[in-house]
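Single-letter residue listing:
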Amino acid sequence: MGLDDGVDPFPDTGMFGTATFSEAVSEAWAALDAEVAATREAEREDAPARAAVDKAVRTAEREAARQLSMTVPDEIAAVLAGALGLVDADAPLGGPGVVAPTLLARVRGLAQLVNVVDTALAHAVRAAENAQAAEFDGHKTMRSWLPGHLNVSPATARRVVRAGRTLEQLPRWDAAAGEGRVTPDQTATVAKVATPARLAAAADLGVDLHGDEGLDAALLGCAIGPTPDALTSMVKRALDWIDPDGPEPDPTKKRELHLTPDADGGGGSIHGRLDAVGFEKVTTALTAHQQAGRIAGDDRSHAQQMGDALVQLADNALAAATTPMLRTNHAHIAATISAEDLLDHQTVTGAARLGSGQTVPNTVVQQITCDSIITRVLFGPDGMPLNIGRAQRLVPAHIRRAAEARDGGCVFAGCPAPTWWCDAHHVLEWLADHGDTSVENTALLCERHHTKVHHGYAVEWDPVQGRWRTHRKDGTEIITGYPPR
């Protein structure tokens, strides 16, 4: 039978008939739709498990990256492991003629080891400074990174940073420092002359800098020679040679004042220097208060009277509100303490935190509150001040006071900025994220770190530990302190 026989080769009821073919297509599509629906349903059911796995993977990756800056390199870990054994070494046995020389030799060897380690630290800090590594943790310089992350004093941070720059300029001195033959104090002395500008000026005057008879060799010879005390005089002579006229006559550049709080919260020390006019002004003002405060039978020394006069001068300025405004408020003493400790008649050590960061006994705050305004701030069980609501975008004074009581300063990791340097930052943006203007959504940040947070860094409250955590742009957390042993 051919096609020309007039017979339909695909009847409606045949295997390939029109109706049967349409039904087969419909069934195929229905089966495909059912398979897709089943697949989607399975994906929906598996989504939580996959999300948990993905989150775990991301958390592990972040944790690995987070710990990278806390991982001690192998060569340093090996030396550190050996050095830890030196701390608890047994005392030598024997008579005085044996013990004394042995102990002195031990002190000498350890001092040389300290010199070597200090040199290695200065090199590492200088390398980090050249690489702008502090920016990784949101800081501008290594000088600002060191105190907040390694708990060293600002003075120590300045010394280490300056030592790294000095060693870079004096190769011979650097080699001797690497062997522990010169001390960090000696390096700080030669740093006065070993700046790029002064060395360049010396070279212009024809001074040999790095030769066998050059300035570098002469300084080193003096430091390790029989009269190392002459190093200071030699540096002064070098400075006089390089710049006989001295710096430009700007006496105000001599002014400096260092306020160093005691570690135990017992107060602090003050030292500094003033030019002639500044010294006369300060002396006159203090003497006026010192003379006005003298009474019959006063057994205070002159130094004690002047100390009291300085405090009285500050007290008068604060009471008269003549100090500059700080964050829309007059400067004032701030102390944070629990109500129980404030009302306790017994001394509670470290019960309060002052605005400067010092922790003091409750008796100190009891003295302050005799003539002060007390602001009551209620804290929740997670250490967070209770929410005050979303009434306006700008943080009002009462919310800021609560945030100051909780934070005590900039919350960015490793930043020591006090409260009066800080902006009140919305953790969840008021417009973009519809964040509340509340204590819970407010974090204190200094100007630099406020900018950092608005350009990728983040701060978040940890209710478990009751503290703020800081994260870099890649999500890794910034950690301060030293690696665990």
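Residues numbered from 1 in each chain as written. Predicted model: local features only at pLDDT ≥ 70, side-chain atom pairs only at ≥ 80, totals over all residues. Heavy atoms only, no water.

**So, the overall build of the protein**
Step number 1: Each helix and strand counted, the protein has 16 helices and 11 strands in total.
Step number 2: Per-residue burial over the protein gives 28% buried out of 485 residues.
Step number 3: Surface accessibility of the protein: about 31300 Å² in total, with carbon and sulfur atoms responsible for 59%. (Helix = DSSP H or I, 4+ residues; strand = E, 2+ residues; numbered from the N terminus. Buried < 20%, exposed > 50% of the residue type's maximum accessible area, 1.4 Å probe, protein only. Areas by Shrake-Rupley, 256 points an atom, 1.4 Å probe, with all protein chains shown as cover.)

**Overview of the pattern of salt bridges**
Step number 1: With the rule as written, the count across this model stands at 17 salt bridges.
Step number 2: The closest approach of N and O atoms between arginine 165 and glutamate 129, which form a salt bridge, is 2.5 Å. Remark: glutamate 129 occurs in helix α3 (residues 96-130) and arginine 165 occurs in helix α5 (residues 154-169); sequence separation between them is 36 residues.
Step number 3: Owing to a relative accessible area of 42%, arginine 165 belongs among the partly exposed residues under this scheme.
Step number 4: The exposure class of glutamate 129 is buried, given its relative accessible area of 18%. (Salt bridge = Lys/Arg side-chain N within 4 Å of Asp/Glu carboxyl O.)

**Here we look at the sheet that holds strand β5 (residues 335-336)**
Step number 1: A sheet is described by the order of its strands in space; here 3 strands give the open sequence β5-β6-β7, paired in antiparallel fashion. The open sheet terminates on both sides in strands that have one partner only, identified here as β5 and β7 (359-360). (Pairing = 2+ DSSP bridges.)

**Here we look at the packing of aromatic side chains**
Aromatic rings in a pair are described by how distant their centres are and how their planes are angled relative to each other.
Step number 1: The full count for this structure, using the stated rule, is 2 aromatic pairs.
Step number 2: A centroid spacing of 5.8 Å and a plane angle of 50 degrees characterise the contact between phenylalanine 412 and tyrosine 457, whose relative ring orientation is tilted. Taken together, the positions of phenylalanine 412 in the loop between α15 (397-407) and β8 (422-426) and tyrosine 457 in the loop between α16 (447-453) and β10 (458-462) put the pair 45 residues apart, joining distant regions of the chain. Assigned by exposure class, phenylalanine 412 and tyrosine 457 land together as buried. (Phe/Tyr/Trp six-rings, centres within 6.5 Å; stacked < 30°, edge-to-face > 60°.)

**Some thoughts on the side chain of histidine 450**
Step number 1: Topologically, histidine 450 is positioned in helix α16.
Step number 2: Among residues more than four places away in sequence, those in contact with histidine 450 are Asp423, His425 and Leu445. (Contact = heavy atoms within 4.5 Å.)

**Structural notes on the nonpolar core**
Step number 1: Counting residues in hydrophobic clusters, the biggest one holds 24 residues, and the most contacted among them are Trp173, Val182, Val190, Leu219 and Leu231.
Step number 2: Looking at this core, the elements that each hand over two or more residues are α5, α6 (171-178), α8 (196-204), α9 (215-224) and α10 (231-242).
Step number 3: With sequence-adjacent residues up to four places away left out, leucine 219 is seen in contact with Leu170, Trp173, Val190, Val193, Leu231, Met234 and Val235.
Step number 4: Among the nonpolar cores identified, the runner-up in size contains 18 residues, and Cys410, Cys415, Trp461 and Ile478 belong to it. (Core = buried A, V, L, I, M, F, W, Y, C linked by side-chain atoms within 4.5 Å.)

**A closer look at the confidence of the model for the protein**
Low-pLDDT portions of the prediction should not be read for the details of their coordinates.
Step number 1: Summing up the model confidence of the protein, the mean pLDDT is 80 and the portion of residues at 70 or higher is 82%.
Step number 2: When the criterion is pLDDT under 50, residues 386-391 qualifies, and its contacts beyond four places in sequence or with other chains add up to 18 contacts. (pLDDT = per-residue confidence, 0-100.)

**Comments concerning helix α4 (residues 142-150)**
Step number 1: Counting buried positions over the 9 residues of α4 gives 7, a clear majority of the element.
Step number 2: Three or more residues of α4 are buried, namely Met142, Trp145, Leu146, Pro147, Gly148, His149 and Leu150.
Step number 3: Asparagine 151 occupies a position one or two residues after α4 and carries a positive phi of about 60 degrees.

**Here's the deal with the environment of glycine 466**
Step number 1: Looking at where glycine 466 falls in the secondary structure, it is placed in the loop between β10 and β11 (467-471).
Step number 2: In sequence terms glycine 466 and arginine 406 are 60 residues apart; their C-alpha atoms lie 9.7 Å from each other.

**Concerning the pairing of β10**
Step number 1: Both β10 and β11 contribute to a ladder of 5 bridges, which runs antiparallel. Across the sheet, the residue bridging to glutamate 460 is arginine 469, located in β11.
Step number 2: Here β10 folds back onto β11, and the loop between the two strands holds 4 residues, one of which, glycine 466, carries a positive phi near 65 degrees.

**Digging into a nonpolar patch on the surface**
Step number 1: Where nonpolar side chains cluster on the molecular surface, the patch consists of Leu257, Leu259, Ile270, Leu310 and Leu313 and spans about 480 Å² of accessible area.
Step number 2: Elements supplying a minimum of two residues to the nonpolar patch: β1 (256-261) and α12 (302-320).
Step number 3: Considering the arrangement of structural elements, one finds leucine 310 in helix α12. (Patch = residues over 30% accessible without salt bridge, like charges linked within 9 Å, V, L, I, M, F, W, Y side chains within 5 Å.)

**Observations concerning unusual backbone geometry**
Step number 1: One non-glycine residue with positive phi stands out, namely glutamine 132, at about 55 degrees.
Step number 2: In this fold, glutamine 132 is placed in the loop between α3 and α4.
Step number 3: Unusually for a residue other than glycine, asparagine 151 sits at a positive phi of about 60 degrees.
Step number 4: Structurally, asparagine 151 can be placed in the loop between α4 and α5.
Step number 5: Given a relative accessible area of 63%, asparagine 151 falls into the exposed group.

**Re the environment of threonine 476**
Step number 1: In this fold, threonine 476 is placed in the segment after β11.
Step number 2: Threonine 476 sits 408 residues away from leucine 68 along the chain, and the two C-alpha atoms are 9.9 Å apart.

**Points about the packing of α4 against α5**
Step number 1: As a packed pair, α4 and α5 sit with axes 9 Å apart at the nearest point and diverge in direction by 135 degrees. Taken together, the axes of α4 and α5 are oblique relative to one another. The two elements α4 and α5 meet at a crossing, and its hand is right-handed. Across the interface between the two elements, Met142, Arg143, Leu146 and Pro147 of α4 pack against Pro154, Ala157, Arg158 and Val161 of α5. (Axes fitted to C-alpha atoms, helices over the stretch in contact; angles between N-to-C directions. Parallel < 35°, antiparallel > 145°, perpendicular 65-115°, else oblique. Left-handed = near helix turned anticlockwise from the far one by under 90°.)

**So, α6**
Step number 1: Looking only at α6, the buried set comprises Trp173, Asp174, Ala176 and Ala177. The buried residues of α6 all sit within an arc of 165 degrees when viewed along its axis, so they share a single face.
Step number 2: Phi turns positive one or two residues past the end of α6, at glycine 180, with a value near 80 degrees. (Arc of directions from axis to C-beta.)

**Here's the deal with the environment of alanine 127**
Step number 1: Note on placement: alanine 127 falls in helix α3.
Step number 2: For the pair alanine 127 and arginine 165, spaced 38 residues apart in the sequence, the C-alpha separation amounts to 9.8 Å.

**Considering the side chain of threonine 470**
Step number 1: Tracing the backbone shows threonine 470 in strand β11.
Step number 2: The buried category is assigned to threonine 470, whose relative accessible area is 1%.
Step number 3: Within the structure, the side chain of threonine 470 is placed 3.0 Å from the backbone nitrogen of alanine 413, a separation counted as a polar contact.
Step number 4: Those residues within four positions of threonine 470 in sequence are excluded, and the remaining contacts are Val411, Phe412, Ala413, Ala458, Val459, Thr476, Glu477 and Ile478. (Polar contact = N/O pair within 3.5 Å; in protein donor to acceptor, adjacent residues only side chain to side chain.)

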